[in-house]
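Examination of the molecular architecture
For reference, the chains in residue letters:
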Amino acid sequence: MGKMWSGRFSGKASKLLDEFNASLNFDKKLYEYDIKGSKAHAKMLNAQGLIDDNEYKTIINGLDQIRDEIERGTFQFDLSDEDIHMAIEKRLTEIIGDAGKKLHTARSRNDQVALDFRLYVQAHNEIIRELILDVVEAFVEIAKKNSETMLPGMTHLQHAQPINFGYHMMAYASMLKRDHERFESSFKRNNYSPIGCAALAGTPHPVNRELTAHELGFDRPSLNCLDTVSDRDFALEMLFNIATMMMHISRLAEELILWSSSEFRFVTLSDAYSTGSSIMPQKKNPDVPELLRGKTGRTYGNLISLLTVMKGLPLAYNKDMQEDKEGTFDSVETAEISLTILAEVIKTMQVNKERMEQACKIGHLSATDLADYLVEKCKIPFREAHFITGRAVALAEEKGCDLSELDTASLQSIDDRIKEDVEKYLSIRHSMNARNSQGGTSTERTKEQIEAIQKWLQEKEKMKNSFS
Ligand code: ARG
């Protein structure tokens, strides 16, 4: 059989054209959505009297057979069919004859590809949201065990103020919660049906787009057909959401790499998620976080690539848009495996509490507390308090100790308004717990944050169950 569109052509298509033009090698991934879409379309054609009951049944059986063939690996993919839409339609006609030729009534590949791709993006949006919940749960579990584990909080990668490790983990939980919400809002915004738009302008056939939209799990049909077949915003949002989420994951990956170095040793990654060196027998390398950080790059590339493809396109469909799929598949697959392995890395890593606490004795982490003490208890203006504290830090440096280890007499030699009660303020744990403002690092506030995220997780779990 020749090309579906061969009617107006007298010459044969070159092999090179097939190779360049075809998307079949990658869009075969969409087969299940194509079949689902065709079934819904056939149901609507039947309901509208455009095909009879017998034709409808034959089409459904034929589509089921094709799905089996693809899943069993016996389906013959032939590049000259161009894409999955035409490959399936051609096979359908081979199997069921004339009824197969009626399926494309009131349909174009333009709304078909818009549908299949949207169904793919929506389905994976749900999968990614599930995987995010697993990662957030892993953060919650580790935070629950570490809301008293002291950790030097940093700015500019320099010791700044003491925090606890649970609090640090909850920062990432908050980021991923925001990512989840971003996926959720994209899902809702884009949950409308393109099918029935045909090539660009709608169709003279009496289609019922409400029926197909409902059948496919969409909230409604799209408003304007010209926009719908030209639109890839749903894919761009997916790419942006993934890129942003990977940026968050990459920041965590960077910290895990630093923390597992000999200099830090704050965490030890499980052997199951570490690799060795081919030449240096002593080495244990954090390849997983490194790859998480590295793979972030390709997700940015995929976003920029599709934004660039779309920027100059006149309405409606242009073949350029076939370039939308590979990058999106790649980002989706990267996001899914990254989230899956990240949850495992977090669940299995060992937290070296003593190392973290020791590190809190470097860098005079309670300096701000001394300044605050001078302001509150000694009624010294902040600028002056800042200066006195600077002197105290210099003295500690001179003595080769941390500010928290300086005795009261030494502090009084700098300023005699300092009293005995200063000692408490210099303790690192006191400093951490003093940051008890809403959203702060104190153990009490950290536990509050853990509870809030746990409550959110429970709500999401409930929603999940109410759908299934
Ligand atoms: N394979 C095409 C794509 O992925 C779908 C067909 C578009 N329609 C057309 N008239 N060429 O974008």
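Structure's up top.
One structure accompanies this document, and this report is about it. (Residues numbered from 1 in each chain as written. Predicted model: local features only at pLDDT ≥ 70, side-chain atom pairs only at ≥ 80, totals over all residues. Heavy atoms only, no water.)

Focus: the pattern of salt bridges
Short version of the rule: Salt bridge, as applied in this entry: a Lys or Arg side-chain nitrogen positioned within 4 Å of an Asp or Glu carboxyl oxygen. The secondary structure listing takes helices from DSSP runs of H or I that are at least 4 residues long and strands from runs of E that are at least 2 residues long, numbered from the N terminus. Classification of residues uses two cut-offs on accessible area relative to the type maximum, computed with a 1.4 Å probe and protein chains only: under 20% is buried, over 50% is exposed, and between them is partly exposed.
Applying the stated rule across the entire model yields 30 salt bridges. Here Glu254 ties to Arg293 by a salt bridge, and the two come within 2.4 Å at their closest N and O atoms. Of the two residues, Glu254 is situated in helix α11 (residues 233-259) and Arg293 in helix α12 (residues 287-310); the sequence distance between them amounts to 39 residues. Residue classification places Glu254 among the partly exposed residues on the basis of a relative accessible area of 32%.

Considerations on unusual backbone geometry
Cis geometry is adopted by the peptide bond preceding Ala316, which originates at Leu315 and carries an omega value of 5 degrees. For Glu82, which is not a glycine, the phi torsion comes out positive at approximately 75 degrees. Unusually for a residue other than glycine, Leu157 sits at a positive phi of about 60 degrees. Topologically, Leu157 is positioned in the loop between β1 (150-155) and β2 (158-164).

Some points on the side chain of Ser250
Put simply, the rule reads: In this description, contact between two residues means that some pair of their heavy atoms is separated by no more than 4.5 Å.
Looking at where Ser250 falls in the secondary structure, it is placed in helix α11. Ser250 gets classed as buried once you look at its relative accessible area, which sits at 14%. What Ser250 contacts, discounting residues up to four positions off in sequence, is Arg293 and Thr296.

Describing a nonpolar patch on the surface
Applicable threshold: Like charges within 9 Å and nonpolar side chains (Val, Leu, Ile, Met, Phe, Trp, Tyr) within 5 Å are joined into patches, using only residues over 30% in relative accessible area that form no salt bridge. Computed with a 1.4 Å probe, the accessible areas rest on the Shrake-Rupley method; for each residue, only the protein chains presented here act as cover.
Side chains of Leu200, Leu226 and Leu315 sit close together on the surface and give an oily, nonpolar patch of about 270 Å² of accessible area. Here Leu200 shows up in the loop between β3 (192-193) and α9 (209-215). Under the relative-accessibility criterion, Leu200 is labelled partly exposed at 42%.

Regarding the pairing of β2
Rule in force here: DSSP-based pairing: two strands are paired if at least 2 bridges between them are found.
Two elements, β1 and β2, share six bridges in a ladder whose sense is antiparallel. Residue pairing for β2: Gly153 is matched across the bridge by Gln161. Linking β1 back to β2 in an antiparallel pair, the connection comprises two residues, with His156 at a positive phi of about 55 degrees.

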